[in-house]
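Architecture at a glance
Here's the letter readout for the chains.
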Amino acid sequence: MREEATCPICLELMTEPVIIDCGHIYCHSCIMKNLENQQQKSLSQRKFQCPVCRAEFQRESFRPSKQLESIIDAIKKMEQEHLCEEHGEKLSLFCEDDGQLICWRCERTPQHKGHNTVLAEDACLGYKENFQQTLTYLREQEDQNKEWQRNIRQQIRNFQIDFINKKECIEYRFKVLHMILHMEEKSYLWRLKNEEEQVLKRLQDTEAQLEKQSQELNKHILELERRCQGSAQELLQDARDTLDRISSMKLNAPEDVSLDIHTMLDIDIIFCELIKFFETAYAKVTLDLDTAHINLLEYEFMMTDKSPDNPARFKDLPCILGREAITSGKHYLGMFSICGSE
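Residues numbered from 1 in each chain as written. Predicted model: local features only at pLDDT ≥ 70, side-chain atom pairs only at ≥ 80, totals over all residues. Heavy atoms only, no water.

**Some remarks on the overall build of the chain**
Using the following cut-off: Secondary structure elements follow DSSP: runs of H or I of four or more residues count as helices, runs of E of two or more count as strands, with numbering from the N terminus. Each residue is assigned to one of three classes by its accessible area relative to the maximum for its type, calculated with a 1.4 Å probe on protein chains only: buried under 20%, partly exposed between the two thresholds, exposed over 50%. For this analysis, residues touch if any pair of their heavy atoms sits within 4.5 Å. Working definition of accessibility: Shrake-Rupley area with a 1.4 Å probe, residue cover restricted to the visible protein chains.
On a plain count of helices and strands, the chain comes out with seven helices and 11 strands. Counting every position in the chain, which comprises 342 residues, the buried fraction comes to 32%. Considering only contacts in the chain between residues 6 or more positions apart, those separated by 24 or more positions represent 57%. Summed over its atoms, the accessible surface of the chain is roughly 22900 Å², and 50% of this surface lies on carbon and sulfur atoms.

See below:
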């Protein structure tokens, strides 16, 4: 690219390149000086000869080459980036002891005296092989991480399906004894929900950790691919530190989370408790109407005053308390629950 952008007259990168009829391109100032020299030889000359191919052209045929001018700007920028900051020379050598690019003047400084130095192009071959090996390793790690991610997602789906099935089973069975077992049902569902949240949180935290690892692996892969596709200078710039940093990365395997659901409904135990409950001696209980929930059904022994302003009245659950009305013998202070009407 630099050769194509070199002016045939001054042999430097062109400045304000212009193209003439034959297709050759020159610096604007160079071709103008050439025209002046040709015109001095013949004052009446209106046509001029190309300095390269001798084809005739007119002064008015100059056309600026904007595309080539953009390429020249890019070449200058690239060359500036690959110059030694201290000496302004091209970074054409690689110090194997320090693992960095240097120029020919750096090689003669006390800092690099006695060090092993090779041409940057020669050092590039060895480091490129190391980069390729590291790239292969990272891709294998990425595949392993993706496999872990797929397994975690499948575990989440399976657990959620299992959770839904268990939830429906619990809800169905509790409907049979809804009146008596209302509070027991809510207790089971709360424990199941709490267990679900704990298990899902651990699984999702693990998934987030794997996703973070995947992003970090992808970042390193893109960095190495970019370096391998770039110039020798770009590949060797901090090459040793880059390899050490990337190679030190270790993947954390996902946590082994138990997917067993421990909140199980044992209907036999509940029935046994119910039998014991029904075998207990009972006594009539006088209800405290001031505590009755506003939505309780109006049994004939129930509320006549439905004012919701009583602070003692139940607000969340359809309950009513018993009232102490027995002065001797055994008596009971119980809680009575009836389906609300909505």
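**Describing the sheet that holds strand β5 (residues 63–64)**
Spelled out, the test is: By the convention used here, strands pair only if DSSP detects at least 2 bridges between them.
On the basis of which strands lie adjacent, the open sheet formed by three strands has the order β2-β1-β5 and antiparallel pairing. Across the chains shown, the open sheet's two edge strands, defined by having one partner strand only, are β2 (25–27) and β5. Where strand β1 (residues 17–19) and β2 come together, three bridges link them in antiparallel fashion. For P17, the partnering residue across the bridge sits in β2 and is C27.

**A few points about helix α1 (residues 28–41)**
Formally: Between the first and last residue of a helix there are one fewer steps than residues, each counted as 1.5 Å, and that sum is the expected span. The reported arc concerns the directions from the helix axis to the C-beta atoms and nothing else.
Between the first and last C-alpha of α1 there are 21 Å, a value that for 14 residues agrees with the 20 Å anticipated at 1.5 Å per step. Three or more residues of α1 are buried, namely C30, I31, N34, L35 and Q38. Buried residues of α1 fall within an arc of 135° about the axis and therefore sit on the same side. Within α1, the exposed residues directed more than 90 degrees away from the buried face are K33 and Q40. Those residues of α1 that are buried lie in contact with β1, β2, β3 (47–49) and β4 (56–58).

**Topic: the sheet that holds strand β6 (residues 93–95)**
The strands that make up a sheet pair up through hydrogen bonds in the backbone, lying either parallel or antiparallel. Defined as follows: Simply put, an axis is a line fit to the C-alpha atoms, just over the touching stretch for a helix, and the angle between two N-to-C directions goes from 0 to 180 degrees.
Ordered by their spatial adjacency, three strands build an open sheet running β7-β6-β8, and the pairing between neighbours is antiparallel. Two strands in the sheet have a free side with no partner beyond their single neighbour: β7 (100–102) and β8 (117–119). Strand after strand, the sheet turns through a mean of 40° between neighbouring axes, direction not considered.

**A short note on the pattern of salt bridges**
The condition is simple: Throughout this description, the term salt bridge denotes a Lys or Arg side-chain nitrogen within 4 Å of a carboxyl oxygen of Asp or Glu.
Enumeration over the complete set of coordinates arrives at 11 salt bridges. Residue E147 pairs with R150 through a salt bridge whose shortest N-O separation is 2.5 Å. In this pair, E147 and R150 both sit in helix α3 (residues 120–176), three residues apart, roughly one turn of the helix. The class of E147 is partly exposed, set by a relative accessible area of 31%. Look at R150 and you get partly exposed, because its relative accessible area is 45%. Through salt bridges with shared partners, one network takes in E223, R227 and R245.

**Structural notes on helix α6 (residues 239–247)**
Note: α-helices contain 3.6 residues per turn, so residues at a spacing of three or four share the same orientation. Restricting attention to buried positions, one finds in α6 the residues A239, T242, L243 and I246. Considered in projection along α6, the buried side chains sweep an arc of 95° and stay on one side of the axis.

**Some points on the packing of aromatic side chains**
What counts is decided by this rule: Classification of ring pairs rests on two measures: the distance between centres of Phe, Tyr or Trp rings, Trp counted by its six-membered ring, which must be within 6.5 Å, and the angle between planes, read as stacked under 30 degrees, edge-to-face over 60 and tilted in between.
Here the structure, examined in full by the defined rule, presents three aromatic pairs. Taking the centre distance of 5.3 Å and the plane angle of 75° together, the rings of F94 and Y127 count as edge-to-face. Taken as a pair, F94 in strand β6 and Y127 in helix α3 lie far apart in primary sequence, 33 residues in all. Of the two residues examined, F94 and Y127, each falls in the buried class. Three or more aromatic residues joined by ring pairs form one cluster here, namely F48, F57 and F62.

**What about the nonpolar core?**
Test applied: Nonpolar core, defined: a set of buried Ala, Val, Leu, Ile, Met, Phe, Trp, Tyr and Cys residues in which side-chain atoms within 4.5 Å join the residues together.
Judged by nonpolar contacts, the single largest core of 46 residues is most densely connected at Y127, F131 and L236. Those elements giving two or more residues to this core turn out to be β6, β7, α3, α4 (178–229), α5 (232–236), α6 and α7 (267–279). If one sorts the elements of this core by residue count, α3 sits on top with 13 residues. Setting aside its immediate chain neighbours within four residues, L236 contacts F94, L101, A120, A123, C124 and Y127. Core analysis: the next-biggest nonpolar cluster, separate from the first, contains 18 residues, C7, F48, C50 and I72 among them.

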